[in-house]
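Overview (structure and organization)
Listed here are the chains, written in short residue letters.
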Amino acid sequence: MMGTLRIFGILKIHLMNREFIITDGVREMGFSTKIMIVATALCVPIWVLSLIKIVLNLAIAPKFGFRCSLISGFGFLFVHEEGKWRCKKDKFSPIIQEMVGIDISQPIPEDIDRKERVYTWISYAVEFAAALGVAVLFSREIKALLNWKDAGAAELFLGAFAVGMLFHSLSYICMGIYTYGILMKRLAGYVDVMLKKMRQGVSFEAMNLKPVSLLPYKNPTKLEKMTYYQLYIPYLISVGDVDGLKEPIGEMTDYYAKRDYFIQETLSYYWLIFYYSRYEINPANADAFFERVSATLMNDTDANAKRVLAYYCYGVKNDIERAGKYVREGLAVVDKFSLPGAERELERKLLLELDEIISKRMLYGQGNN
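1. Re the sheet that holds strand β5 (residues 84-89)
- The four strands lie next to each other as β5-β4-β3-β6, forming an open sheet whose pairing is antiparallel. Pairing within the sheet leaves two strands with one partner each, and these edge strands are β5 and β6 (97-102). Strand-to-strand twist across the sheet, computed as the mean angle between neighbouring axes with direction ignored, equals 25°.
- In this sheet, β5 lies alongside strand β4 (residues 76-81) in antiparallel orientation, the contact comprising six bridges. Looking across to β5, one finds that F78 is bridged to C87.
- Docked against the sheet, helix α2 (residues 31-59) engages β3 (66-73), β5 and β6, running at close to 25° with respect to β6.

If you want it as structure tokens, here you go:
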């Protein structure tokens, strides 16, 4: 932070006429100071592009059948509930994240997959256009950046900022090409096909999912496997194969224990907390994953979040009253659940199972200890 303040302390930038008055002996800056300026400038585009993506998600995504339901960053969590945005406190993170999904308040279009691809590429095109505009605006500063020794602080900062905008926007396009051109032909594509079947009303039992090792996909990446497990774990629970959960849960535990939490991985954390609260009671693991995702989980009004909280309170915290409260809240919203019918019915089944367990325990006078 002090380094960033120093950067602004040595700059006085007149953007209207692009005249830079350079003070504090900038021309005599040391190598480490210049590196600090460039490194800071290269990070700023990540935030700028994230803000552009949020604007697109709020303004354009609904036209394609999608809705942004959550935005987080810098210690704030914005949740879309009952048609309104609410601001809540969150753990501080310099990363701006958002959660976008199919808008189930409207009829789901039959060509939702095509609309998703079109919207994705529109987003990439807008971000790249913005980056290209910045590069043109600061083309002189980009040239100055190449002349490292004679460049001033303002020239270094703006030149690196423009280069960073181009680099990050192009990297997103490359990821899109890799996703749609390569991953969709691998395990990730198989997951996409199975999700389409679920939207069409196919039950878990009819999907006949297999362990990754028995699928015809060579060398799946860790990320592909984690994405598949978000589908495979509820399948195993639906068919009653509790023993089969050990392998995917073990891999997920090892994988996520070494990573920071990202909103896009929320569902995996939910299944981990649920497993360690229901099938293999492990307070240490359940608490560790709960701590990372607690802000999102506590503000999630969907049935799956209520189910996770209910089992966590019951199995880990031994808080029967709170567990019952979350069960009732989950059952009240299960028919509004934002995931396909197969998962909705699984949520109903799991909530009713815990409701029966709690009722029997209360009947025999075994409430909270």
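2. Description of the pattern of salt bridges
- In total, this model carries 11 salt bridges according to the counting rule given.
- The salt bridge involving R140 is made with E141; its shortest N-O contact spans 3.6 Å.
- Judged by its relative accessible area of 1%, E141 falls in the buried class.
- Here D335 and R348 are joined by a salt bridge, their closest N and O atoms 2.7 Å apart.

3. Describing the nonpolar core
- Counting 60 residues, the largest nonpolar core has L209, Y228 and L297 as the members making the most contacts within it.
- If one sorts the elements of this core by residue count, helix α8 (residues 222-239) sits on top with nine residues.
- Discounting chain neighbours no more than four positions away, the residues touching L209 are Y190, M194, Y228, L231, Y232 and Y235.
- Residues I37, V38, L49 and A144 belong to the second largest nonpolar core, which totals 27 residues.

4. Focus on the confidence of the model for the protein chain
- Summing up the model confidence of the protein chain, the mean pLDDT is 83 and the portion of residues at 70 or higher is 87%.
- Taken element by element, the protein chain is modelled with least confidence in strand β1 (residues 11-14), mean pLDDT 33, and with most confidence in helix α10 (residues 266-278), mean pLDDT 96.
- Below a pLDDT of 50 lies the segment residues 1-27, which in the model reaches 41 contacts outside its immediate sequence neighbourhood of four places, other chains included.

So, how was this worked out
- Along each chain, residue indices are assigned from 1 in the same order as the chain's sequence is written.
- Note on the predicted model: pLDDT of at least 70 is required for a residue's local features to be given, and 80 or more for side-chain atom pairs to be given and counted; whole-chain, interface and lining totals, by contrast, use all residues.
- To obtain the side-chain values, all non-hydrogen atoms of the structure were included, while hydrogens and water were left out.
- Two strands pair if DSSP finds at least two bridges between them.
- Put simply, DSSP marks the helices as runs of H or I at least four residues long and the strands as runs of E at least two long, and each gets a number from the N terminus on.
- Angles shown run from 0 to 180 degrees and are taken between the N-to-C directions of axes, each axis being a line fitted to C-alpha atoms and, for helices, limited to the stretch in contact.
- The contact definition used throughout considers only heavy atoms, calling two residues in contact when any of these lie within 4.5 Å.
- Each reported salt bridge corresponds to a side-chain nitrogen of Lys or Arg within 4 Å of a carboxyl oxygen of Asp or Glu.
- For the exposure calls, accessible area comes from a 1.4 Å probe over protein chains only, and a residue counts as buried if that area is under 20% of its type's maximum, exposed if over 50%, partly exposed in between.
- Put simply, a nonpolar core is a bunch of buried Ala, Val, Leu, Ile, Met, Phe, Trp, Tyr and Cys residues held in one set by side-chain atoms that sit within 4.5 Å of each other.
- As a per-residue measure, pLDDT tells how confident the predictor is, with possible values from 0 to 100.

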